[in-house]
Amino acid sequence: MSWRSCFYFLRAAHKTLYTLQEQLGLLGRSGIRPSSTMAQTVTPILSVLPTRGLVDEKFKVALENLPPRFPVTLHSLHQSEDKDYWEAFGYYVSDDRGRVTVSEDASLGGTYKGVEPMGLLWSMHPVPGSRTGLRLRKMDVQSPMVVLISAYKGHAFEGFREQPPLASALTERWYMAPGVQRIDIREGGVIGTIFIPPGPGPFPGVLDMWGGGGGLVEYRSALLASHGFVSLALDYLSPKVAVADDQSLVYFEKAFNIIQQHPQVIKDRVGICGLCLGASVTLNVAAYSESVSPRCCVCISGSHVLPAAKSLSYVINDGYKHMDKLLVDEQNRMVWRHAILPITTNPDEKLDMGRIKCPLLLVNGDDDQSKATVESAEDIAKMMRAAGNEHLLTTLNYHDAGHLIEPPYTPHFRASNFIIQHLQQKVLVLWGGKTKPHADAQEDSWQKILSFLREHLYPCPSSSIPQAKL
Amino acid sequence: MAQTVTPILSVHPTRGLVDEKFKVALENLPPRFPVTLHSLHRSEDKDYWEAFGYYVSDDRGRVTVSEDVSLGGTYTGAEPMGLLWSMRPVPGSRTGLRLRKMDVRSPMVVLISVYKGHVFEGFREQPPMASAVTERWYMAPGVQRIDIREGAVRGTIFIPPGPGPFPGVLDMWGGGGGLVEYRSALLASHGFVSMALDYMSFETFKTHDECLSYFEKVLSIIQQHPQVIKDRVGICGLSLGATVTLTMAAYCKSISPRCCVSVSGSHVFPYGVSLAEVFQFKEMDMGKARLDEQKRVIWHDMILPIPTDPQRKVAMGRIKCPLLVVNGDDDQNWATVESAEDMAKMMRAAGNDHLLTTLTYHDAGHLIEPPYIPHFRASNFIIQHSKQKVVMLWGGQTKPHSDAQEDSWEKILAFLRQHLYPCPSSSLPQAKL
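Residues numbered from 1 in each chain as written. Chains lettered and ligands numbered in written order. Predicted model: local features only at pLDDT ≥ 70, side-chain atom pairs only at ≥ 80, totals over all residues. Heavy atoms only, no water.

**Quick notes on the packing of helix H5 (residues 219-226) of chain A against helix H10 (residues 435-457) of chain A**
All names here are of chain A.
Step number 1: At a minimum axis separation of 12 Å, H5 and H10 run at an interaxial angle of 55°. Our classification of the angle between H5 and H10 gives oblique. As H5 runs across H10, the sense of the crossing is right-handed. Side by side, H5 and H10 meet where Arg220, Leu223 and Leu224 of the first sit next to Trp446, Leu450 and Leu453 of the second.
Step number 2: Split by residue class, the contact of H5 with H10 holds five nonpolar, no polar and one charged. (Axes fitted to C-alpha atoms, helices over the stretch in contact; angles between N-to-C directions. Helix = DSSP H or I, 4+ residues; strand = E, 2+ residues; numbered from the N terminus. Parallel < 35°, antiparallel > 145°, perpendicular 65-115°, else oblique. Left-handed = near helix turned anticlockwise from the far one by under 90°. Contact = heavy atoms within 4.5 Å. Nonpolar A, V, L, I, M, F, W, Y, C, P; charged D, E, K, R; others polar.)

**Let's talk about the pattern of salt bridges**
Should their charged atoms come close, side chains of opposite charge can pair.
Step number 1: In total, this model carries 42 salt bridges over all chains according to the counting rule given.
Step number 2: Here Arg385(A) ties to Glu390(A) by a salt bridge, and the two come within 3.2 Å at their closest N and O atoms.
Step number 3: Overlapping salt bridges bring together Arg145(B), Asp147(B), Arg149(B) and Glu181(B) as one network. (Salt bridge = Lys/Arg side-chain N within 4 Å of Asp/Glu carboxyl O.)

**Examining the UniProt feature "active site" (unreviewed entry) in chain A**
Residues and elements named next belong to chain A.
Step number 1: Mapped onto the present numbering, the UniProt feature "active site" (unreviewed entry) falls at Cys276, Asp368 and His403. Taken together, the annotated residues stretch across 128 residues yet fold into one region, lying no more than 10.9 Å apart by C-alpha.
Step number 2: The residue cysteine 276 is located in the loop between strand E14 (265-275) and helix H7 (277-288) in this model.
Step number 3: For cysteine 276, a relative accessible area of 13% corresponds to the buried category.
Step number 4: Beyond its immediate chain neighbours, meaning those up to four positions away, cysteine 276 contacts Gly211, Ile300, Ser301, Gly302, Lys371 and His403.
Step number 5: With respect to the helices and strands, the residue aspartate 368 is situated in the loop between strand E18 (360-365) and helix H9 (373-387). (UniProt positions renumbered as here; feature names shortened; annotations may be inferred. Buried < 20%, exposed > 50% of the residue type's maximum accessible area, 1.4 Å probe, protein only.)

**Describing the sheet that holds strand E12 (residues 203-209) of chain A**
Residue and element names in this part refer to chain A.
Step number 1: Across the sheet, eight strands lie side by side as E10-E11-E13-E12-E14-E15-E18-E19; this open sheet has mixed pairing. Pairing within the sheet leaves two strands with one partner each, and these edge strands are strand E10 (181-187) and strand E19 (393-398). The mean angle between the axes of side-by-side strands here comes to 20°, regardless of whether they run parallel or antiparallel.
Step number 2: The pairing of E12 with strand E13 (residues 230-235) spans four bridges and is parallel. Bridge pairing links leucine 207 to leucine 232 in E13.
Step number 3: Its contacts with the sheet place H9 against E18 and E19, and it is angled at close to 150° to E18.
Step number 4: Of the strands in this sheet, E12, E14, strand E15 (297-300), E18 and E19 touch H10, which is tilted by about 175° from E18. (Pairing = 2+ DSSP bridges.)

**Some thoughts on the environment of Ala350(B)**
Step number 1: Within the fold, Ala350(B) resides in helix H6 (residues 336-350).
Step number 2: Counting along the chain gives 20 residues from Ala350(B) to Asp330(B), while the straight-line C-alpha distance between them is 29 Å.

**Things to note about the domain arrangement of chain A**
Residue and element names in this part refer to chain A.
Step number 1: Splitting chain A by domain gives domain 1 (42-174) and domain 2 (181-457).
Step number 2: Tallying the contact residues gives 24 residues for domain 1 and 29 residues for domain 2.
Step number 3: Between domain 1 and domain 2 lies a buried interface of about 2100 Å² when both sides are counted; carbon and sulfur atoms form 62% of it.
Step number 4: When the buried surface of domain 1 facing domain 2 is broken down by residue, Asp56, Trp122 and Arg135 rank first, second and third, together holding 32% of it. (Domains from an automatic or database assignment. Buried area = accessible area lost by both parts, 1.4 Å probe.)

**Structural notes on the nonpolar core**
Step number 1: Counting 134 residues, the largest nonpolar core has Leu37(B), Leu170(B), Met195(B) and Leu197(B) as the members making the most contacts within it.
Step number 2: For this core, the domains that each give at least three residues are domain 1 (8-136) and domain 2 (144-419) of chain B.
Step number 3: Those residues in contact with Leu170(B) that sit more than four places away from it in its chain are Met195(B), Leu197(B), Val218(B), Leu219(B), Ile222(B), Gly234(B), Ile235(B), Cys236(B) and Met248(B).
Step number 4: Grouped together as the second largest cluster of nonpolar side chains are 133 residues, Leu66(A), Tyr175(A), Phe203(A) and Leu396(A) included. (Core = buried A, V, L, I, M, F, W, Y, C linked by side-chain atoms within 4.5 Å.)

**Description of the domain arrangement of chain B**
All names here are of chain B.
Step number 1: By domain assignment, chain B separates into domain 1 (8-136) and domain 2 (144-419).
Step number 2: On a C-alpha basis, the centres of domain 1 and domain 2 stand 32 Å from each other.
Step number 3: Counting residues at the interface gives 23 residues for domain 1, matched by 29 residues for domain 2.
Step number 4: At the boundary of domain 1 with domain 2, total buried surface from both sides reaches about 2100 Å², with 62% on carbon and sulfur atoms.
Step number 5: Interface area lost by domain 1 to domain 2 is led by Asp19, Trp85 and Arg98, which between them contribute 33%.
Step number 6: The tally of links between domain 1 and domain 2 comes to three salt bridges.
Step number 7: As a salt-bridge pair, glutamate 369 and arginine 98 come within 3.3 Å of each other at their nearest N and O atoms.
Step number 8: Between domain 1 and domain 2 we count eight residue pairs in polar contact (both at pLDDT 80 or more) in total.
Step number 9: Classifying every residue of the side of domain 1 that touches domain 2 by side-chain character gives eleven nonpolar, three polar and nine charged. (Polar contact = N/O pair within 3.5 Å; in protein donor to acceptor, adjacent residues only side chain to side chain.)

Next up, the structure:
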């Protein structure tokens, strides 16, 4: 077998890169060199460092060996687990030394502008011709997100498939740091996944819950474990989990105990983090549970407006009862934020925030079209002020951010497809937010969430330990 | 007491290329708290290697390895990468070990831990306060690895991601033999199509010409690859591989390298015979080999004095391409510094010494590898033709040798980029701003 046929045979083994490249027609079967003479005189060197990073790690994309003042487009391409293609691009001009440094130079146009080191990730959107209402989520956290970064000649806004790039580099983005363990939890009816950082521990713990879309969403937990927290991603809405009709908090208390009792967890250092419906559950547990008390709580895009001591399915159904307040915009997207407005003054219709005994961090976007989180946060502050526990509250409001405030650099989308679980109905939901402010909110809030969790869950070093004499 | 100290240990990047620097940091310690940072790696041969440094946290309870000073251990001073390059086999290990990654498709996994106090032994007996795992890769994502088996040619080609075309590099290791891929994998991670060649295990050549045509064939394999720029192929060799490199640069007729890198090599044909005869494993004149007090073999004097007879060395005057020569002046295996001086003399006489750049690293030894790989002054070695197992003295002092690896690698990459990557044409229309 000649080496040439070896090459073509083994090419198939490198599925990820070649699936992308073959789709884009970049490498013809005959392996023809780029035909343009101009391309042959421009052989830039493209680098991405680190080549393999955590999802929340910044990277440095740089080009060198270009002619001076040469226009290029930097392009990113990712094929999601759902097999859709997402891309972003920025326009640059090389400096007098023929270099482009994305972390320092300004993008002159494309899907992002200005000096944006991570623009090639957070400004991604589905490529033209894609299905509509897409959302980018990594469900398998044991493999990385693979992103192809390419440099094209000139300032292109389309036709990335038709022309070969000047250069490409592949980078991996991981939710799990090396050494993080992933363990399926099926215990006493509780369904979830626990992630444990490397090392002997013991570690603080976090119970981590997503929103009303349901399912077992692991990526934030995986990332928390990569930052030193034992984290349990909890599935609390699937039909398998018969909790929806449960009027008590038993399921969540069980899940909390699973973390607390783990041999590598510091018993009195377990917190709860939730988004959307998960945030409401978080507040419910923090305020009303008699058997568990979280050390601190993080509520992202959540609300306290839900009747206490009612089952989750009651809560969910209740939300959809206010159909007159559920708007549909001109693009047929559901706008749910008005469902709880105005914020009720009836104490039976919301959680008693005066009962909260631990530090609480609220993270909201003021362009949230799905839930009136900013108004809820104002009411929470009012209730806590009246109850005298307001010193526990920290609120972060991000201007022009939407509902889905995720870990950093994940693309923003103003609306996406959503299945209303109990109705099994597929709709298009408007989450809100403008791309750049939303991406900034994700980056900033994640840092603050990690600091908050570290501050309250990692024991302060004892000052009575003998110190080194220098 | 361990329970009241829960430091947070981080390593960035969590997964890096072998030549990428990392940042190891500790926080949430008490202020002015003594700790030991420790690294542990289990090699493919199942030996354990470790390094450690002593630190004291600052007033905010932090240790930042890239900025703070190690007060002792296997390295001292402000050494961001000391936890890697100062590694050595753990106490009780087999002797004469050498750390090499033969499977480049998987990473080197290193466990970084922090221990209370300043510890120099007993790392297995006490639990650390915290640990982190980091991966070190020779292959960047997207680099392809392809086996080459074409007639007598046995090697591995590594291709960078992207459409190309790319410059090419023929990459050869030393007389220890085998197919050593890691430098090629790393070169491909930096944008060069690179071929690692196993040139020691093939049929013997009868003549010098037969030998040359074998290497010309290898070079043409790289040149003809559809993703390689035909006139931009260079050669890089270490030790005996460097001698092969110089031979090719001087004598190949139908094909010529664009540039060459010779690491710890000599233009003097080893054992006093031509290259073809070297590969025929003729009787070597081992008379000048010495043993040191620990019975380690020193081959340094074998080619000394540098012969004046032109038949016994590569005709350096015939070299027509830029040549980078990298040596350590504590090389105990080969008289590379003396050779480099003679090379320069020959090239000066021939009028081509403008092509020559020589880097001599003080107190570096023979095995100048990519950065952050541990240094070892001697290791087990099997002499190919006699199959005799000895302990070979390579030389070098750990810190200077590691600095040499780091600095020379940067310079080798810069040299290859400069000569193999086409300069962007200045006649291209430029953006009007």
